[in-house]
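One-letter residues, chain by chain:
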Amino acid sequence: KFDQKEKNTLLGNRKDYWDYFCDCLAKVKGANDGIRFVKSITELRTSLGKGRAFLRYSLVHQRLADTLQQCFMNTKVTSDWYYARSPFLNSKMSSDIVGQLYEL
C-alpha cells in the first residue's frame, strides 16, 4: 500500500490493493484464478479483506512473485494506482522485490 493513490468507488467506498490486482490481472490468462477464488467467497465484503485473502491464496499456491511480476509489467495500470516514487514503478526496485519473493 506504500505510496498508493487514494481511490474511491462511486458509492464512496475506498478502493484498495485488491482493486489494483483486479485491474492488473483481469485480462491476463491464467493469472486470474486467485481473483475468481476470492470473488467466490461471499463472507468477504471489503476491498481490504478481499486483498488479504488474495495475498493468502497467492502465498499458499506459491504464485505471489508471478502475480506481482505480471502487475509490475502492466505499467499503465500501476502508474494509475501508484505515485511516481513508488518502488513498484522503479524497474530496479520492482525486480528486486520480485526476485526476493521468488527466493521466498
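Scroll up to find the structure.
Analysis parameters
Residues numbered from 1 in each chain as written. Predicted model: local features only at pLDDT ≥ 70, side-chain atom pairs only at ≥ 80, totals over all residues. Heavy atoms only, no water. Helix = DSSP H or I, 4+ residues; strand = E, 2+ residues; numbered from the N terminus. Buried < 20%, exposed > 50% of the residue type's maximum accessible area, 1.4 Å probe, protein only. Contact = heavy atoms within 4.5 Å. Core = buried A, V, L, I, M, F, W, Y, C linked by side-chain atoms within 4.5 Å. Arc of directions from axis to C-beta.

Colleague: Mind showing me how you'd approach the environment of Phe 88 here?
Modeller: Relative to the elements of secondary structure, Phe 88 occurs in the loop between α5 (75-81) and α6 (91-103). Residue classification places Phe 88 among the buried residues on the basis of a relative accessible area of 19%. Sequence separation between Phe 88 and Met 73 is 15 residues, and the spatial gap between their C-alpha atoms is 9.6 Å. Ignoring sequence-local partners within four residues, the contact set of Phe 88 consists of Phe 72, Thr 78, Tyr 82, Ser 94 and Ile 97.

Colleague: Before we go on, may I ask you to explain the nonpolar core in this structure?
Modeller: Looking at soluble globular proteins, one finds that nonpolar side chains tend to be buried together. Within the largest apolar cluster, 22 residues are counted, with the highest numbers of intra-cluster contacts made by Tyr 20, Phe 21, Leu 25 and Phe 54. Elements with a minimum of two residues in this core: α1 (17-25), α2 (33-39), α3 (47-60), α4 (64-73) and α5. Those residues in contact with Phe 21 that sit more than four places away from it in its chain are Ala 26, Ile 35, Phe 54, Leu 55, Thr 67, Leu 68 and Cys 71.

Colleague: How do you make sense of α4 when you look at a structure like this?
Modeller: In an α-helix there are 3.6 residues to a turn, and that puts residues three or four apart on one side. Three or more residues of α4 are buried, namely Leu 64, Ala 65, Thr 67, Leu 68, Cys 71 and Phe 72. Projection of α4 onto a plane perpendicular to its axis shows the buried side chains occupying an angular sector of 160°, all on one side. Of the surrounding secondary structure, the elements contacted by the buried residues of α4 are α1, α3, α5 and α6.

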